[in-house]
Amino acid sequence: MKIKKGFVLREVCGEQVIMGEGIGALDFGRLLCLNETAAWLWKQAELQGDFTVDSLAQALCEEYEVSEEQARIDVAAIVGEWLKVNVLE
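Each value, and the rule that gives it
Every chain is numbered on its own, with residues counted from 1 as its sequence reads. Only residues with pLDDT of at least 70 are given local features in this predicted model, and only at 80 or more are side-chain atom pairs given and counted; all residues enter the totals for whole chains, interfaces and linings. With hydrogens and water set aside, each side-chain value is computed from the structure's full complement of heavy atoms. We define a salt bridge as a contact between a side-chain nitrogen of Lys or Arg and a carboxyl oxygen of Asp or Glu at a distance within 4 Å. Each helix is a run of DSSP H or I of at least 4 residues and each strand a run of E of at least 2, with the numbering of both proceeding from the N terminus. Burial here depends on accessible area, computed with a 1.4 Å probe over protein chains only, as a share of the maximum for the residue type. Under 20% is buried, over 50% is exposed, and the range in between is partly exposed. For two strands to pair, DSSP has to find at least two bridges joining them. When two rings of Phe, Tyr or Trp (its six-membered ring) have centres within 6.5 Å they constitute a pair, described as stacked for plane angles under 30 degrees, edge-to-face for angles over 60, and tilted for the intermediate range. Every residue pair with non-hydrogen atoms within 4.5 Å of one another is taken to be in contact. Note on terminology: a nonpolar core comprises buried Ala, Val, Leu, Ile, Met, Phe, Trp, Tyr and Cys residues joined through side-chain atoms within 4.5 Å.

1. A few points about the pattern of salt bridges
Link 1 in the chain: What the rule picks out here adds up to four salt bridges.
Link 2 in the chain: With its nearest N and O atoms 3.6 Å apart, the salt bridge here joins arginine 72 to glutamate 68. With arginine 72 and glutamate 68 both in helix H4 (residues 68–84), this residue pair falls four residues apart, about one helical turn.
Link 3 in the chain: Taking relative accessible area as the criterion, glutamate 68 reaches 53% and is therefore assigned exposed.

Next comes the structure, spelled out in structure tokens:
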């Protein structure tokens with residue numbers, strides 16, 4: 001998976017949000033607010049380029065004190081939400 005072109009993480013009024021820029025903004029038309037961990041995962045997804053749930057879960061385990069199993073569950077949930085709002089391909 002990877003982040004669709006035109007979607008970026010920005011800070012708006014102290015909140016971390018995913019927003020569409022350019023063509024991405026035409027179909028998206030909203031802001032997706034992220035908590036601190038989800039914003040961190042988005043940045044990791046940007047760095048990895050082509051990522052998997054497992055690759056993000058491993059990065060999460062290296063950064064935070066969380067079990068591999070819990071990391072996979074949490075990352076799968078977040079990635080699932082991103083897929084539902086169509087910001088990944």
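2. Looking at the pairing of strand S1 (residues 7–12)
Link 1 in the chain: Across six bridges, the pairing between S1 and strand S2 (residues 15–20) is antiparallel. Residue pairing in the sheet places glutamate 11 in a bridge with glutamine 16 of S2.
Link 2 in the chain: Taken together, S1 and the strand that follows it, S2, pair antiparallel across an intervening segment of two residues, in which cysteine 13 is found at a positive phi of about 50°.

3. Describing the packing of aromatic side chains
Link 1 in the chain: In the structure shown here, the tally under the stated rule is two aromatic pairs.
Link 2 in the chain: Ring centres of tryptophan 40 and tyrosine 64 lie 5.6 Å apart, and the angle between their planes is 85°; this geometry places the pair in the edge-to-face category. Placement of tryptophan 40 in helix H2 (residues 36–48) and of tyrosine 64 in the loop between helix H3 (53–63) and H4 is noted, with a sequence separation of 24 residues between them.
Link 3 in the chain: With 5.1 Å between their ring centres and 85° between their planes, tryptophan 42 and tryptophan 82 make a pair best called edge-to-face.

4. Topic: the side chain of glutamine 44
Link 1 in the chain: Tracing the backbone through its elements, the reader meets glutamine 44 in helix H2.
Link 2 in the chain: Among residues more than four places away in sequence, those in contact with glutamine 44 are Leu56 and Ala59.

5. A closer look at the nonpolar core
Link 1 in the chain: Ranked by size, the top nonpolar core spans 24 residues in total, and within it Ile18, Leu34, Leu41, Trp42, Trp82 and Val87 carry the most contacts.
Link 2 in the chain: Among the secondary structure elements, those contributing two or more residues to this core are S1, H2, H3 and H4.
Link 3 in the chain: Looking at which element gives the most residues to this core, the answer is H2, with six residues.
Link 4 in the chain: Beyond its immediate stretch of four places on either side in the chain, leucine 34 contacts Leu9, Gln16, Ile18, Ala39, Trp42 and Trp82.

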